[in-house]
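Structural description and commentary
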Amino acid sequence: MEFREFNNLHEMLKETVNASPKGKAYTWFPRAGTTESITWQGYLDEVRKAAKSLIALGVKKDDKVNIISYTNYRWILMDMAITGIGACTVGIYQTLLAGDCRYIINHSDAVLIFVENEIQLHKVYEIRSEIPGIRKAILLNGSYEGDDWVMSFDDFMKLGEVVPDSDLDAMISAVRQDDIATLVYTSGTTGVPKGAMLTHENAIISPQIVKGSLHLQGDEEQFVFLPLAHIYARLIVYTAVLMNIPVTLSRSMDTIVEDIKIARPHFFCSVPRIFEKVYSKVLSGAEAKGGAALKIFNWARHTGYQVSDCLLDDVTVPLSLRMKYAIASKLVFSKLKDALGGRIRFCVSGAAPLEPSIAKFFHAAGILILEGIGMTENMSFSHVNRFDDYRFGWVGLPGPGVEQKIASDGEVLLRGRNVMKGYYKMPEETKEALTEDGWLHTGDVGEIDRRGFLRITGRKKDLIITSGGKNIAPSAIEGLLATSKYINQVCVIGDRRNYLSALITLDEGNIKDYARGRDMDHDNFESLMRNREIYSLIGQEIEEKNRSLASFESIKKFAIVPEFTIENDLLTPTLKVKRNKVVSRYAAVIDTLYRDEINPAREEKQFIERRKLRDRRRAPLDSWVSRTFERRTMERRAAVSL
């Protein structure tokens, strides 16, 4: 594939504007039930105004600018304005605590910060004295009186009116591919967050790799709800710019269901957690209806699976099965599609492993989920299944221009023009991540088949090695257990242990429904977490899932714990469990799961000590037996001699 060599992101945007100035670019929800849109030309005009206002505030090339906000149009606007003049966007998750924000603000050497609303502003005020580099805080929404340090967005946009277009154009033309467009800080599951330096080259090549991998069409629309502080969402937006794809932005993670029905997208990208939630809700809803409705649902699901198998095996679907599937779609699957807007052609899942059975269910329902993989360090994209060539449980083929290989220890290594420049101000960590000839250490363990398909089997740092020497990837087991409608999250334990155990969080809604149906106190969720009947229910669910696992992979014991959240620091902003922190937080609970564990080394030591004790106890008896035997032997010999 031959790549277009834009000098920078702004140049890529201008090409789309020139091709379709009146085309719809972005749509958002200023209020519930109402939408507002802007064309590509209108977007470019606002980008230029915002960029001139940045210049008026003294922002120069290579300066860092923070944005702490959930996904919205002004986030996207400021990102393109910041990168347009050669400065660097540094997104911060709106869910982070003040202390975590302070680290990123100071480590990135930021000079300005844009905040979503007064809630985020108050968070920044908590640490104001500790972030001396920040010259101004600009509110994306609302206003704040009484402090010149804070500026409203409307006032900010007026600043650029005195800046000549020639000054702006000069700064834009000076930006080159090798310049850093953004610092994206890793979620810090295993340590201090690291700022990946992603260049304009990364940002203009990666969307082209996506274009060469996915069957995207410019006249289709997509829905974006993932946080823009994550490079996954930014890549989605940059790809839309490249391909002239209209984007509708959700108001929040809590309004996705409502917003997507209005947006009616043809496709969207997500993390597996969203698909898991939908899957659980569909199954629990069918079971709650029971009777004939449940029978129809199970029949439709079985029919869908038969069609799915035909498609996966590249076999023509028989006419009789097509007729049955048409009925199943009308009675059951159409409701799922309607809930997603009614026009969904496919979805993309990334950022974490997707349980194959969930992908299979959606496929049976007529919604293809293309699983892919990427990481912050390679612009969130390296592999994806193709629209006409996919396998569940695999992350697909590499994108055009992406090289792959497996290291001697099983780690997946990648190389391409989408790979970061390094970690900001972290040369040692950069050396660990990147080889001298450009290969990126992903930290994933996997396998590549003869066709080039990649399957991830685990994370190097997460691999569990049991006391019996078995290497186990916990993520696959966790994904399988999470398909239970009663289980919310799972953290598998077992490193250097004899068997695997798990910390389980419950699906509150389904557990309460279960309790309500059995006349239990369903309002007190904390009480339900300790209820013996609920423990028995979860035990049965785990036992059912264990049937799909090898003996050494099965969960022998479990404990129910409170939900892992971003707020309690057990979940990253990208919804990954912080395994090390979970293990540390619940160390006492884990110890109870292994109280009766059989430890070979300990058992051998105890055996030797028991034998020594037995020998000591038996010593007097052995001595008496020995003396008696010797006396009787002498007596027999004397009798014989006589």
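To be clear, the structure that these remarks concern was listed above.
Residues numbered from 1 in each chain as written. Predicted model: local features only at pLDDT ≥ 70, side-chain atom pairs only at ≥ 80, totals over all residues. Heavy atoms only, no water.

The next subject is the nonpolar core. Grouped together as the largest cluster of nonpolar side chains are 131 residues, with contacts concentrated most on Y26, Y43, L54, M78, F114 and F156. The greatest single-element share of this core, amounting to 11 residues, is contributed by helix α9 (residues 231–243). (Core = buried A, V, L, I, M, F, W, Y, C linked by side-chain atoms within 4.5 Å. Buried < 20%, exposed > 50% of the residue type's maximum accessible area, 1.4 Å probe, protein only. Helix = DSSP H or I, 4+ residues; strand = E, 2+ residues; numbered from the N terminus.)

Another point: the environment of D444. Locating D444 in the fold gives a position in strand β20 (residues 440–448). Classification of D444 by relative accessible area gives buried; the value is 11%. Filtering out sequence-adjacent residues up to four positions away, D444 remains in contact with I373, G410, E411, V412, I456, G458 and R459. (Contact = heavy atoms within 4.5 Å.)

Attention shifts here to the packing of aromatic side chains. Two aromatic rings, taken as a pair, are described by how far apart their centres are and by the angle between their planes. Applying the stated criterion across every chain, the model contains 23 aromatic pairs. Aromatic pair F346 and F387: ring centres 5.6 Å apart, planes at 70 degrees, arrangement edge-to-face. Here the residue F346 occupies a position in strand β13 (residues 346–349), and F387 occupies one in the loop between β15 (383–384) and β16 (397–398), the gap between them amounting to 41 residues. Looking at F346, the relative accessible area reads 1%, which means it is buried. Residue F387 is classed as partly exposed on the basis of its relative accessible area of 30%. Ring pairs connect the aromatic residues F223, F225, F268, F275, Y279, F361 and F362, which therefore count as one cluster. Taking the ring centre of W394 as reference, the NZ or CZ of R391 above it sits at 4.0 Å. Positioned over the ring face of W439 is K405, at 4.5 Å from the centre of the ring. (Phe/Tyr/Trp six-rings, centres within 6.5 Å; stacked < 30°, edge-to-face > 60°. Lys NZ or Arg CZ within 6 Å of the ring centre and 35° of its normal.)

Looking now at empty space enclosed by the protein. Under the criterion given, the structure shown has three cavities of 30 Å³ or more. Along the wall of the largest cavity there are 21 residues; nearest its centre are Y232, L235, C269, V348 and F381. Of all the secondary structure elements, the ones that give two or more residues to the lining of the largest cavity are α9, β12 (267–270), β13, β14 (368–373) and β15. For the lining of the largest cavity, a count of residues per class yields 13 nonpolar, eight polar and no charged. Here the second largest cavity is characterised by a volume of approximately 60 Å³. Lining the second largest cavity, in full, are R273, E276, K277, S280, A482, S484, I487, N488 and D507. At the level of elements, α11 (272–289) and β24 (487–493) are the ones that each hand at least two residues to the lining of the second largest cavity. At four residues, α11 tops the list of elements feeding residues into the lining of the second largest cavity. Considered class by class, the residues forming the lining of the second largest cavity number two nonpolar, three polar and four charged. (1 Å grid on protein atoms, 1.4 Å probe; cavity = no way out; pocket = protein on both sides within 12 Å on 5 of 7 lines; lining within 4 Å. Points joined across faces, edges and corners; volume = space filled by probe spheres on them. Nonpolar A, V, L, I, M, F, W, Y, C, P; charged D, E, K, R; others polar.)

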